[in-house]
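One letter stands for each residue in the lines below.
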Protein chains: 2
Amino acid sequence: MINRIGERTLALTDKPRVVGFGSAVGKKEGEGPLEKWFDKIYTDTTMGGETWEKAEAALQKKTVTLALESAGLDAADVDCAFAGDLLNQCVSSSYGLRDLGIPFLGQYGACSTVAQTIAMASLCVESGAADVAAAVTSSHFCSAERQFRYPLQYGGQRTPTAQWTVTGSGSALLAAYQNGAFRGIGGKLGENGINMKRQIGVESVCIGKIIDMGITDANNMGAAMAGAAADTIYRYLNDTAASPNDFDLIVTGDLGRVGSDLLYELLGKENVDITQNHKDCGLLIFDTETQDVHAGGSGCGCSASVLCSYIMKRMLKREINSVLFVATGALMSPTIVQQGESIPGIAHAVHFVNCAE
Amino acid sequence: MINRIGERTLALTDKPRVVGFGSAVGKKEGEGPLEKWFDKIYTDTTMGGETWEKAEAALQKKTVTLALESAGLDAADVDCAFAGDLLNQCVSSSYGLRDLGIPFLGQYGACSTVAQTIAMASLCVESGAADVAAAVTSSHFCSAERQFRYPLQYGGQRTPTAQWTVTGSGSALLAAYQNGAFRGIGGKLGENGINMKRQIGVESVCIGKIIDMGITDANNMGAAMAGAAADTIYRYLNDTAASPNDFDLIVTGDLGRVGSDLLYELLGKENVDITQNHKDCGLLIFDTETQDVHAGGSGCGCSASVLCSYIMKRMLKREINSVLFVATGALMSPTIVQQGESIPGIAHAVHFVNCAE
């Protein structure tokens, strides 16, 4: 059942379970601190394909396939897929999932799409609209650079506040769990008896509002998104009467260094201190000292690949048991920024908890 | 409650109600056969603004405002907005709704987004996640031409199969209705006693699969989308054991003339004949004989503006009482079509019914 709590939080009383997940990244990400956590690392930027856009689509297909394998499910077992990416018209998602035959609902919230797809998939199974729903997102450094910034060949200088778009994808499968059993395809999910399939649950989600901080610098996305992150975190803590220390980890999507600092400042004004247990996926995935990524990683593939590897695998080990995942997005296009508009941000939150054995 | 029927259909037992709707279009659309049905017709392509993109965003804000006014609600009464458009990174939606303060979930399904947003809003209120949810979509001839095709100044020739992107937007508000009363903000919705507020209900929705017919001509979108329309209509009829004649109207989004003919042919192969009560929004909105639009209208604003004016107003008059609305989308980008890819289509269906007085 879905219970509305406070202003904007939705509690999912049966806690939809993450029954499978998968991650795949590119070479640079595979050279970073999280190397050992990823399921697949590609060293070729086109993944053996013809173009970066097709490679990004292939990344999505790969992580959905990995998630299905980890769950012991087939594409035909999935009732609905929520997918998104940063490319114009979200083609990584539509071409990536084209051959799988899963009912498809494209989502767009820039980099917040990671949390948005998981929130939608969770609501979908909790409401009875699906027994199993997939969530998948991706980004690719090369396809993003030429679309949002400059041709790679041009070799444009990057500003200190710029972030490095992650080449990567992450996918998770959410399944309905009620009265001690999986609904619908329960037998199939239960047959190999792996406990992980009912371990990680979605406790609640918080849908974000569009927040515009007046930032007009498209090379300072972290600042553009920090206000939205602060708004959603503050709202979630208030709605649920929680304190930051109630979580083992509060993890933002890709604020990077600049955005994270601004987030602390904004929450500080509300007397909320998350510095003790906050991490940012954009700072986890790269070593910002040695990997020349300036303010950190970004992109739909950043928090997706970090969540669906490092975070979920650490939850499975029960090293962390309660994670507030807050993915942030900058809802701009190059065209409208060139027209002088500021960049609005948005952040959606998903609260993952480890359920009892 | 949400009941799954057959393979892909979701029946909404309480029938979320359309409690408000609004439409706004441009000059050419206002000169077409549906002139008298639209709430607002703009004769200036920038709507008094600076650019076509900002004008399109303003169109979305306008129709959401019109929908709120018709419902007697404020933006603060809306728990969630599902919005989408055709522009890169869906900026008409994010900038259009930026100032309204409504929790925001961007949707992308090309022109199928119209049905997708309504389906998501309906599922959202039926599941208890929201009491009132908004659905809004838009397109703009000028912003679409320069993004998908050529600069307008270039004056490129249009092929006979090409469709004319509608400048327009449509918005609908869905509210939860249970046990003879609106949930949550019932008092506010009921206070002026207008019966329309509980008249039009969403009986069920059917989520589409990605269907690729192998079309590579970006000037023949109707053909690219016809397969998806046929698949979803066929699936819906089978899932619900309905026949085409059970509906007063089966209306597709924007297949145009070429796509509609292909749809009849594809359904004919399955012995399904919808020709007696099928209309296409792309052929309703323009007079294809005199308005030089070639195969008909298209764009997210096409079926949105037709649905949220002509169709819903005729339902309110009870001239039509059961409408299967099937919006179709071509999930391509110019970039990926230039890379030689075919154009996958998708179609989502929403079944509207008039409820008892």
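Here goes a summary of the coordinates provided. Model, not experiment: these values are computed from the prediction.

**Topic: the overall build of chain A**
Then, in step 1: A tally of regular secondary structure across chain A gives 11 helices and 18 strands.
Then, in step 2: For chain A, the C-alpha radius of gyration of 19 Å lies close to 21 Å, the compact-globule estimate for 357 residues.
Then, in step 3: Over its C-alpha atoms, taken along the principal directions, chain A stretches across nearly 55 × 50 × 35 Å.
Then, in step 4: The buried share of chain A, taken over its 357 residues, is 67%.
Then, in step 5: Considering only contacts in chain A between residues 6 or more positions apart, those separated by 24 or more positions represent 78%.
Then, in step 6: Summing over all exposed atoms, chain A offers an accessible surface of approximately 11,500 Å²; the carbon and sulfur share of this is 46%.
Then, in step 7: The centroid of the 28 positive side-chain charges in chain A is displaced by 3 Å from the centroid of its 39 negative side-chain charges.

**A short note on the packing of aromatic side chains**
Then, in step 1: Applying the stated criterion across every chain, the model contains 12 aromatic pairs over all chains.
Then, in step 2: Ring plane angle 45° and centroid distance 5.1 Å describe the contact between Y150 of chain B and Y154 of chain B, whose orientation is recorded as tilted.
Then, in step 3: Positioned above the aromatic ring of Y42 of chain A is the side chain of K40 of chain A, whose terminal nitrogen or guanidinium carbon lies 5.2 Å from the ring centre.
Then, in step 4: Sitting over the ring of W164 of chain B, K28 of chain B keeps its end group 4.2 Å from the ring centre.

**Section: unusual backbone geometry**
Trans peptide bonds make up most of the peptide bonds, and negative phi angles are found at most residues other than glycine.
Then, in step 1: Positive phi outside glycine occurs at N179 of chain A, with the angle close to 50°.
Then, in step 2: If you trace the backbone, N179 of chain A turns up in the loop between β10 (177-178) and β11 (181-182).
Then, in step 3: Under the relative-accessibility criterion, N179 of chain A is labelled exposed at 81%.
Then, in step 4: Its identity as a non-glycine residue notwithstanding, R318 of chain B has a phi of 60°, on the positive side.
Then, in step 5: Structurally, the position occupied by R318 of chain B is in the loop between α10 (300-316) and β17 (322-330).
Then, in step 6: Taking relative accessible area as the criterion, R318 of chain B reaches 26% and is therefore assigned partly exposed.

**Points about the interface of chain A and chain B**
Then, in step 1: Taken together, the contact between chain A and chain B spans 56 residues of the former and 56 residues of the latter.
Then, in step 2: Note on chain A versus chain B: buried area summed over both sides is about 4,600 Å², and carbon and sulfur give 59% of it.
Then, in step 3: Counting across the interface, chain A meets chain B through 10 salt bridges.
Then, in step 4: Between E341 of chain B and K54 of chain A there is a salt bridge, with the nearest N and O atoms lying 3.9 Å from each other.
Then, in step 5: Along the contact surface separating chain A from chain B lie 33 residue pairs in polar contact (both at pLDDT 80 or more).
Then, in step 6: Elements supplying a minimum of two residues to the side of chain A that touches chain B: β1 (2-5), α2 (52-71), α3 (91-97), β6 (104-106), α4 (113-126), α5 (141-148), α11 (334-338) and β18 (344-354) of chain A.
Then, in step 7: In terms of residues, the side of chain A that touches chain B owes the most to one element, α3 of chain A, which gives 4 residues.
Then, in step 8: A breakdown of the residues in the side of chain A that touches chain B according to their chemical character gives 27 nonpolar, 17 polar and 12 charged.

**So, the relation of the copies chain A and chain B**
Then, in step 1: In the superposition of chain A on chain B (RMSD 0.0 Å, axial shift 0.0 Å), the rotation amounts to 180°. Here the two chains are linked by the operation of a two-fold rotation axis.
Then, in step 2: In this assembly, 100% of the residues forming the interface of chain A have copies in chain B that are likewise at the interface, indicating an isologous arrangement.

**Some points on α5 of chain A**
Then, in step 1: Burial of α5 of chain A is extensive: 6 of the 8 residues sit out of reach of the surface.
Then, in step 2: In this fold, the buried residues of α5 of chain A make contact with α2, β7 (132-139), β8 (164-165) and α11 of chain A.

**Quick notes on the pairing of strand β18 (residues 344-354) of chain B**
All names here are of chain B.
Then, in step 1: Most of β18 sits out of view: 11 of its 11 residues are buried.
Then, in step 2: The alternating pattern of β18 places P344, I346, H348, V350, F352 and N354 on one face and G345, A347, A349, H351 and V353 on the opposite face, and all of these are buried.
Then, in step 3: Bridge count between strand β13 (residues 211-212) and β18: 2 bridges; the pairing is antiparallel. Residue pairing in the sheet places I211 in a bridge with G345 of β18.
Then, in step 4: Direction of pairing for β17 relative to β18: antiparallel, over a ladder of 9 bridges. By the bridge assignment, V326 is partnered in β18 with A349.

**Examining the packing of α4 of chain A against helix α10 (residues 300-316) of chain A**
All names here are of chain A.
Then, in step 1: It is the contact of α4 with α10, at a shortest axis distance of 8 Å, that shows an interaxial angle of 55°. Here α10 runs oblique to α4, going by the angle between their axes. Counting all contacts with α4, which are made through T113, V114 and I118, the residues of α10 involved are C300, S303, A304 and L307.
Then, in step 2: In terms of residue class, the contact of α4 with α10 is made up of 5 nonpolar, 2 polar and no charged.

**Quick look at the nonpolar core**
Then, in step 1: L73, L97 and L173 of chain A together with L73, L97 and L173 of chain B are the most contacted members of the largest nonpolar core, which has 137 residues in total.
Then, in step 2: L97 of chain A has contacts with Q60, V64, A81, A83, F104 and V136 of chain A together with I210 of chain B, leaving out every residue within four places of it along the chain.
Then, in step 3: Core analysis: the second largest hydrophobic core is formed by 118 residues, V251, I320 and F352 of chain A together with I311 of chain B among them.

**Some remarks on the pattern of salt bridges**
Then, in step 1: Scanning all chains against the criterion turns up 42 salt bridges over all chains.
Then, in step 2: In this structure, E31 of chain B and K27 of chain B form a salt bridge, with 3.2 Å as the shortest nitrogen-oxygen distance.
Then, in step 3: Judged by its relative accessible area of 49%, E31 of chain B falls in the partly exposed class.
Then, in step 4: K27 of chain B gets classed as partly exposed once you look at its relative accessible area, which sits at 45%.
Then, in step 5: Salt bridges sharing partners connect three or more residues here, namely E7, R8, K209, D231, R235 and D239 of chain A.

**Details of the pairing of strand β2 (residues 9-12) of chain A**
All names here are of chain A.
Then, in step 1: Of the two faces of β2, both are covered, the one formed by T9 and A11 as well as the one formed by L10 and L12.
Then, in step 2: Summarising the sheet, β1 and β2 pair through 4 bridges and their orientation is antiparallel. In the sheet register, I2 faces β2, and the bridge partner there is L12.
Then, in step 3: Linking β1 to β2, which pair antiparallel, is a turn of 3 residues; within it G6 sits at a positive phi near 60°.

Calculation criteria
- Residues numbered from 1 in each chain as written.
- Chains lettered and ligands numbered in written order.
- Predicted model: local features only at pLDDT ≥ 70, side-chain atom pairs only at ≥ 80, totals over all residues.
- Heavy atoms only, no water.
- Helix = DSSP H or I, 4+ residues; strand = E, 2+ residues; numbered from the N terminus.
- Rg over C-alpha atoms; globule rule 2.2 N^0.38 Å.
- Buried < 20%, exposed > 50% of the residue type's maximum accessible area, 1.4 Å probe, protein only.
- Contact = heavy atoms within 4.5 Å.
- Areas by Shrake-Rupley, 256 points an atom, 1.4 Å probe, with all protein chains shown as cover.
- Lys, Arg positive; Asp, Glu negative; His and termini not counted.
- Charge placed at Lys NZ, Arg CZ, Asp CG, Glu CD.
- Phe/Tyr/Trp six-rings, centres within 6.5 Å; stacked < 30°, edge-to-face > 60°.
- Lys NZ or Arg CZ within 6 Å of the ring centre and 35° of its normal.
- Buried area = accessible area lost by both parts, 1.4 Å probe.
- Salt bridge = Lys/Arg side-chain N within 4 Å of Asp/Glu carboxyl O.
- Polar contact = N/O pair within 3.5 Å; in protein donor to acceptor, adjacent residues only side chain to side chain.
- Nonpolar A, V, L, I, M, F, W, Y, C, P; charged D, E, K, R; others polar.
- Least-squares fit on C-alpha atoms with pLDDT ≥ 70 in both.
- Pairing = 2+ DSSP bridges.
- Axes fitted to C-alpha atoms, helices over the stretch in contact; angles between N-to-C directions.
- Parallel < 35°, antiparallel > 145°, perpendicular 65-115°, else oblique.
- Core = buried A, V, L, I, M, F, W, Y, C linked by side-chain atoms within 4.5 Å.

On their own, these measurements won't tell you what the molecule is for.
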